[in-house]
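Listed below are the residues making up each chain.
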Amino acid sequence: AGRLKQAAMIWDAIEQRDDVLQGAISKRKKSIARLDWEILTLDSSDEAMRQKVILEQFYNNLSCVNAFDENEHGGLSLLIHQMMDAVGKRYAVHELVFKPFKQDNTALLTAEFRFVPLFFFENEGGRLQFVDPETHKKVPTTPGEWLVTTGDGLMESSSIAYLFKHLSLRDWLIYCERNGMPGVKGITQARPGSKEWD
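Residues numbered from 1 in each chain as written. Predicted model: local features only at pLDDT ≥ 70, side-chain atom pairs only at ≥ 80, totals over all residues. Heavy atoms only, no water.

Participant: Help me out: how do you make sense of the environment of L128 in this one?
Facilitator: Along the chain, L128 falls in the loop between β5 (121-122) and β6 (129-131). L128 sits in the buried class, given a relative accessible area of 4%. In this structure, the C-alpha to C-alpha distance between L128 and I187, residues 59 residues apart in sequence, is 71 Å. Apart from the residues lying within four places of it in its own chain, the contact partners of L128 are L4, Y91, V93, F121, E122, N123, P140, T141 and V148. (Helix = DSSP H or I, 4+ residues; strand = E, 2+ residues; numbered from the N terminus. Buried < 20%, exposed > 50% of the residue type's maximum accessible area, 1.4 Å probe, protein only. Contact = heavy atoms within 4.5 Å.)

Rendered as structure tokens:
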């Protein structure tokens, strides 16, 4: 229905707690983030070459940070790693903060990409909106101010599999806890009903 907060929080918890998902998701994100990248041009004109140089400078100088945990910061590899969150959760969202800088007396532009976890968003109107946790004010994810990455949304089906797996495991553990300890078996030579038997 577009109310993403609870689902996104559950999906984060499942990603951290499930032994299979944690390994698979981590490998999937890291394998893409480690790949080499390059800017390709459609032709070899001077204009295309200038644009290629500008884009290379942009991507080589960008910074990326997790707005929820600023200890997580890096460059393009981290940006790609965070964008891969969309494969599991359908969306990954970055706030864009453009930053001019100079290199060899040339004015250039790059950006800081601030990854905002999905549980800060809602999608009731068909377009993601940031929901301020204090004021509950909704801010649209305007292109040029926000980068919204979309993906497959595999966590919906993965969370159903997680429930089947962990409910069965929990039931088994409860059964073992209740029935895994042997009962007390008393043996006596006394006649049943006698004082010694009792």
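Moving on from the model shown.
Participant: I would appreciate a short explanation of the sheet that holds strand β2 (residues 73-74) in the present structure.
Facilitator: Two orientations exist for strands paired in a sheet by backbone hydrogen bonds: parallel and antiparallel. With mixed pairing, the five strands of this open sheet are ordered in space as β2-β1-β4-β3-β8. Because the sheet does not close on itself, it has two edges, and the strands there are β2 and β8 (146-150). Judged from the five bridges that link them, strand β3 (residues 91-103) and β8 form a sheet pairing that is antiparallel. Within the sheet, the bridge partner assigned to A92 lies in β8 and is T149. Seen against the sheet, helix α3 (residues 46-61) touches β1 (63-66), β3 and β4 (106-116) and runs at an angle of roughly 45 degrees to β4. (Pairing = 2+ DSSP bridges. Axes fitted to C-alpha atoms, helices over the stretch in contact; angles between N-to-C directions.)

Participant: Got a minute to help me understand unusual backbone geometry in this structure?
Facilitator: What is expected of a backbone is that most residues other than glycine have negative phi and most peptide bonds are trans. Within the chain, N105 stands out as a residue other than glycine whose phi angle is a positive 60 degrees. By the element assignment, N105 lies in the loop between β3 and β4. Taking the relative accessible area as the measure of exposure, N105 reaches 76% and is therefore exposed. The phi angle at H136 is positive, at roughly 65 degrees, despite the residue not being glycine.

Participant: Help me understand a nonpolar patch on the surface, please; the structure alone is not making it clear to me.
Facilitator: A surface patch of nonpolar side chains, about 330 Å² in accessible area, is lined by L169, W172 and L173. Along the polypeptide, W172 turns up in helix α6 (residues 155-179). The exposure class assigned to W172 is exposed, which follows from its relative accessible area of 53%. (Patch = residues over 30% accessible without salt bridge, like charges linked within 9 Å, V, L, I, M, F, W, Y side chains within 5 Å. Areas by Shrake-Rupley, 256 points an atom, 1.4 Å probe, with all protein chains shown as cover. Salt bridge = Lys/Arg side-chain N within 4 Å of Asp/Glu carboxyl O.)

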